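# Observations on chain architecture
Here's the letter readout for the chains.
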Protein chains: 2
Amino acid sequence: MMKLSARTVHTSRYPVLIGEGALDQFRKELKQYRKQKSKLFILTDANTLRFCLPELLSFIPELEAATKLNIDGGEEMKSLRTAEYLWKELVSQQADRNSLLINLGGGVVTDLGGYVASAFHRGIDTIHIPTSLISQIDAAIGSKTGVNVDMLKNQVGSFFAPHGVFVWPGFLSTLPSEQVRSGLAEVAKTALIRDEQFWRWLSRKRVKQILEIPFTDSFWKDLLLKTIRIKLEIVRHDPFERNIRKLLNFGHTIGHAIESLALRRETPVLHGEAVAAGMVCEGFLSVGQAGLDPHELDGVREWILDGFGKLPLLQEDESVRIDMMRHDKKNREQEIRFTLLSRIGQGRINQVCAAEQISEAFGKYYTL
Amino acid sequence: MMKLSARTVHTSRYPVLIGEGALDQFRKELKQYRKQKSKLFILTDANTLRFCLPELLSFIPELEAATKLNIDGGEEMKSLRTAEYLWKELVSQQADRNSLLINLGGGVVTDLGGYVASAFHRGIDTIHIPTSLISQIDAAIGSKTGVNVDMLKNQVGSFFAPHGVFVWPGFLSTLPSEQVRSGLAEVAKTALIRDEQFWRWLSRKRVKQILEIPFTDSFWKDLLLKTIRIKLEIVRHDPFERNIRKLLNFGHTIGHAIESLALRRETPVLHGEAVAAGMVCEGFLSVGQAGLDPHELDGVREWILDGFGKLPLLQEDESVRIDMMRHDKKNREQEIRFTLLSRIGQGRINQVCAAEQISEAFGKYYTL
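Scope of this entry: the structure provided in the associated data block.

Scoring rules and cut-offs
- Residues numbered from 1 in each chain as written.
- Chains lettered and ligands numbered in written order.
- Predicted model: local features only at pLDDT ≥ 70, side-chain atom pairs only at ≥ 80, totals over all residues.
- Heavy atoms only, no water.
- Helix = DSSP H or I, 4+ residues; strand = E, 2+ residues; numbered from the N terminus.
- Rg over C-alpha atoms; globule rule 2.2 N^0.38 Å.
- Buried < 20%, exposed > 50% of the residue type's maximum accessible area, 1.4 Å probe, protein only.
- Contact = heavy atoms within 4.5 Å.
- Areas by Shrake-Rupley, 256 points an atom, 1.4 Å probe, with all protein chains shown as cover.
- Salt bridge = Lys/Arg side-chain N within 4 Å of Asp/Glu carboxyl O.
- Least-squares fit on C-alpha atoms with pLDDT ≥ 70 in both.
- Buried area = accessible area lost by both parts, 1.4 Å probe.
- Polar contact = N/O pair within 3.5 Å; in protein donor to acceptor, adjacent residues only side chain to side chain.
- Nonpolar A, V, L, I, M, F, W, Y, C, P; charged D, E, K, R; others polar.
- Pairing = 2+ DSSP bridges.
- Axes fitted to C-alpha atoms, helices over the stretch in contact; angles between N-to-C directions.
- Parallel < 35°, antiparallel > 145°, perpendicular 65-115°, else oblique.
- Left-handed = near helix turned anticlockwise from the far one by under 90°.
- Phe/Tyr/Trp six-rings, centres within 6.5 Å; stacked < 30°, edge-to-face > 60°.
- Lys NZ or Arg CZ within 6 Å of the ring centre and 35° of its normal.

What chain A contains, in helices and strands, is 15 helices and 10 strands. Its C-alpha radius of gyration of 21 Å places chain A within 12% of the 21 Å reference for a compact globule of 368 residues. Structurally, chain A occupies a C-alpha span of about 65 × 60 × 40 Å along its principal axes. Residue burial in chain A is summarised as follows: out of 368 residues, 62% are buried. Residue pairs at least 24 apart in sequence account for 78% of intrachain contacts in chain A once pairs closer than 6 positions are excluded. Summed over its atoms, the accessible surface of chain A is roughly 13,700 Å², and 46% of this surface lies on carbon and sulfur atoms.

Structural data, given as structure tokens:
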């Protein structure tokens, strides 16, 4: 018997541009892409087609010539069916391996578009221009792509680095205020797991006050920069989520279960709303399990509840909810694992909690 | 504006075991997997379920406990629909990120199973146990996965390294002889593009004679080893097919077009038959375009025609066929690019041929 060894080393590197000048920079780089690339495609959803594409084209009239791909809006579009539709469109529009797909939109568009690009001809170049706060700081950062299967989130996807990410705060003004608020839950999470100072800076203002700050104010650029920098640092150390990348899941084990249930019932909640509720519940778990000081939790909980209110949490479905957590990709062998806080600015991964503890945390949340 | 930089380095390395002892070695490694992995799945098609799985289980009774996934046989199963079926099966069987998928079958099973594993939860470990000659030397080697879209081959897929590949020549005895012969076309191609000595060694015997050699004879181990070694060497230098990996496409630009057309008409040809015809046609192009000595071509052509006969080549569909080549993933900007031979043992990539040259090559083939 003979043993041969196969080996591949793959390095991906891409720039993330943040701030007022991001689209100008994109315009400059586009000159190169247009020389190198056989064909340009822009993916939008119904909202970004209407509100963001005209803005983008006014900055970069050269993009008029790109082929437009458009899908309806909403989480339910993040499906294999939509991916298949886009692959067939790419085939019929004669996309080839040297085509470029530009994703203009929120997390659904960048997750879906990233996945479509990663698998079309085994990977074509893609650029994210995230337009929602949540995609600017999270979905479009870190090379994860994915679609839902049977309403279970991101069951199918890939790790696939884009060619570049261009984060222009101006797009935030196209969003309803509750969408920006939803993104703030992820910002808070990022601070809570990794950077106490950032949390102090953020929580100095109430959510309502933050939402009144104009997007041209340097506050937003600072917020984007602080959040994205932490995410990139974590991802660089653990791109495939084997260890510390799991830090980012604080609030998400319960948050995802809430979202999946809400999707099934066709009463979707915003991701950030689910994560906000998840962080409060997982905050209770953190006190019991990871040593978080209950007084510290009080401050976090108050800021979240003041900003996000309380979610009905689909109270009657508790067993289903716990069952869905078992389906979460992060879990092994039917255990339910959480990322909890040992203190503000310090997350702790792989914390196993029993179903009773989880029920107790829900109970505390209901009676707040 | 701020510019941050994202960077990921990913190294994958896996063993390829070849020969009589390959399954014994797999059994040893399986002990480790069973400790580390939450759940084992085995994917088969109708043929390997019947002819190969019992053989595998007789070597490795521990695998009885693995969850069996089964699909029908045939190229038309290499579809998004089948991938979706398998993802849903994995979800409902409670596969998690730590599950292992073992693909037992020919190129359809390893391409499809590899793709399903690469995208399920953004990538679970997978092992290939290729059972056809073509998958043992080609499909399962080199980390390409894929499914067809609208009958166009491998439009969707990924580069995804398996955890290991176990090549046991004994499975070849489960195949109809024309399937083994089909694999010999890929063996010949590998020799022709890279290793003149290997070509001389191989072509010393007629195809018919080779097919009479028992699979326990060291001839087969040598053939497998020589072919796999060349493929791994090429892939190591160019995993993502940016340059020299295209060498492997000799005979395939025309071969793929023949296959796609045949699929559409529901009169499928074997991959190797299509590649054999493709090599002869692209041999004519090689003489005109890449300086191949016509006397050298004579020897190649005779060996191929003696072994594979002549394919009807779907003569009347020439314009469709040329159009389909334009869709081939390897082509840029609607040019048709070939890998041709400058001499035996030396391929040359990125050779552009005009439609008239291609027609002329078909013409020569028809009139052979």
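Scanning all chains against the criterion turns up 38 salt bridges over all chains. A salt bridge links Glu84(A) to Lys88(A); its shortest N-O distance comes to 3.3 Å. Highlighted residues: Glu84(A) and Lys88(A), both in helix H4 (residues 80-92), separated by 4 residues, approximately one helical turn. By relative accessible area, Lys88(A) is classed as partly exposed at 32%. Glu233(B) is the partner of Arg194(B) in a salt bridge, and the nearest nitrogen-oxygen pair spans 2.7 Å. Residue Arg194(B) is found in helix H7 (residues 177-194), and its partner Glu233(B) is found in helix H10 (residues 218-237); the two are separated by 39 residues along the sequence. Among the residues examined, Arg194(B) registers a relative accessible area of 32% and is labelled partly exposed. The class for Glu233(B) is partly exposed, based on a relative accessible area of 29%. Each of the salt bridges in this network shares a partner with another, and the network as a whole consists of Glu196(A), Arg200(A), Glu296(A) and Arg343(A).

Looking now at the relation of the copies chain B and chain A. The two copies are related by a screw motion: chain B maps onto chain A through a turn of 180° and a shift of 0.0 Å along the axis, at an RMSD of 0.0 Å. On this basis, the relationship between the two copies can be described by a two-fold rotation axis. Ranked by how close their C-alpha atoms come to the rotation axis, the residues of chain B are headed by His10(B), at 2.5 Å. Comparing interface residues between copies, 100% of those in chain B also lie at the interface in chain A; the contact surface is shared.

It is worth spelling out the interface of chain B and chain A at this point. Each partner contributes to the interface: chain B provides 63 residues, whereas chain A provides 63 residues. When chain B packs against chain A, close to 6,500 Å² is buried across both sides, 55% of that on carbon and sulfur atoms. Per-residue buried area on chain B facing chain A is highest for Met1(B), Leu4(B) and Arg122(B); these three make up 14% of the total on that side. Counting across the chain B and chain A interface gives 4 salt bridges. For Lys88(A), the salt bridge is made with Asp150(B), and the minimal N-O distance between the two is 3.5 Å. Counting across the interface, chain B meets chain A through 18 residue pairs in polar contact (both at pLDDT 80 or more). Of all the secondary structure elements, the ones that give two or more residues to the side of chain B that touches chain A are strand S1 (2-18), helix H1 (22-36), helix H4 (80-92), helix H5 (107-119), strand S6 (144-149), strand S7 (152-159) and H10 of chain B. The element best represented in the side of chain B that touches chain A is S1(B), accounting for 17 residues. Each residue belonging to the side of chain B that touches chain A can be placed in one class, and the counts come to 26 nonpolar, 21 polar and 16 charged. Judged from the 17 bridges that link them, strand S1 (residues 2-18) of chain A and S1(B) form a sheet pairing that is antiparallel. The residue bridging Arg13(A) from the neighbouring strand is Arg7(B), located in S1(B).

Now for the packing of helix H12 (residues 271-289) of chain A against helix H15 (residues 355-366) of chain A. The relative placement of two packed helices comes down to the angle between their axes together with the axis-to-axis distance. Residue and element names in this part refer to chain A. For the pair H12 and H15, interaxial distance at closest approach is 9 Å and the crossing angle is 120°. On the basis of the axis angle, H12 is oblique to H15. Crossing handedness for the pair H12 and H15: right-handed. Contact residues: H12 offers Ala277, Val280, Cys281, Phe284, Leu285 and Gln289, while H15 offers Gln357, Ile358, Ala361, Phe362, Lys364 and Tyr365. Of the residues that constitute the contact of H12 with H15, the class distribution is 9 nonpolar, 2 polar and 1 charged.

For the rest of this paragraph, the subject is the packing of aromatic side chains. Residues and elements named next belong to chain A. Per the stated rule, a full pass over the model turns up 24 aromatic pairs over all chains. Here Phe159 and Phe240 contribute two aromatic rings whose centre-to-centre distance is 5.1 Å and whose plane-to-plane angle is 85°, an arrangement assigned as edge-to-face. On the criterion of sequence distance, the pair formed by Phe159 in strand S7 (residues 152-159) and Phe240 in the loop between helix H10 (218-237) and helix H11 (252-264) is long-range, its members being 81 residues apart. Given the relative accessible area of 18%, Phe240 is considered buried. Residues Trp199 and Trp303 carry aromatic rings whose centres are separated by 5.3 Å and whose planes lie at 75° to one another, so their mutual orientation is edge-to-face. In this pair, Trp199 is assigned in helix H8 (residues 196-203) and Trp303 in helix H13 (residues 294-308), connecting sequence segments 104 residues apart. Taking the relative accessible area as the measure of exposure, Trp303 reaches 6% and is therefore buried. Following the ring pairs from residue to residue traces out a cluster consisting of Phe198, Trp201, Phe215, Phe219 and Trp220. The positively charged end of Lys226 is found above the aromatic ring belonging to Trp201, 4.9 Å away from the centroid. The ring of Tyr365 carries Lys310 above its face, with NZ or CZ at 5.9 Å from the centroid.

Right, let's get into the environment of Ala257(B). Positionally, Ala257(B) belongs in helix H11 (residues 252-264). Taking C-alpha positions, Ala257(B) is 9.9 Å from Val275(B), a pair spaced 18 residues apart along the chain.

Locating Ala6(A) in the fold gives a position in strand S1. Ala6(A) gets classed as buried once you look at its relative accessible area, which sits at 5%. Taking the C-alpha atoms as reference points, Ala6(A) and His252(A), 246 residues apart in sequence, are found 37 Å from one another. Once residues lying within four places of it in the same chain are set aside, the contact partners of Ala6(A) are Ser12(B), Arg13(B), Tyr14(B) and Leu232(B).

Moving on, we come to the sheet that holds strand S4 (residues 100-105) of chain B. By way of backbone hydrogen bonds, the strands of a sheet pair with one another, either parallel or antiparallel. Sheet architecture is open: 12 strands sit in the order S3(A)-S2(A)-S4(A)-S5(A)-S8(A)-S1(A)-S1(B)-S8(B)-S5(B)-S4(B)-S2(B)-S3(B), paired in mixed fashion. Of all strands in the sheet, those with a lone pairing partner are strand S3 (67-71) of chain A together with strand S3 (67-71) of chain B, marking the two edges. Within the sheet, the average angular offset between the axes of one strand and its neighbour, ignoring direction, is 20°. Relative to strand S8 (residues 164-167) of chain B, H1(B) is tilted by about 150°, and along the sheet it contacts S1, strand S2 (40-45), S4, strand S5 (125-130) and S8 of chain B. Running over the sheet, H4(B) touches S2 and S3 of chain B and is turned about 160° from S3(B).

Bear in mind that shape data such as this cannot, by itself, settle questions of function.
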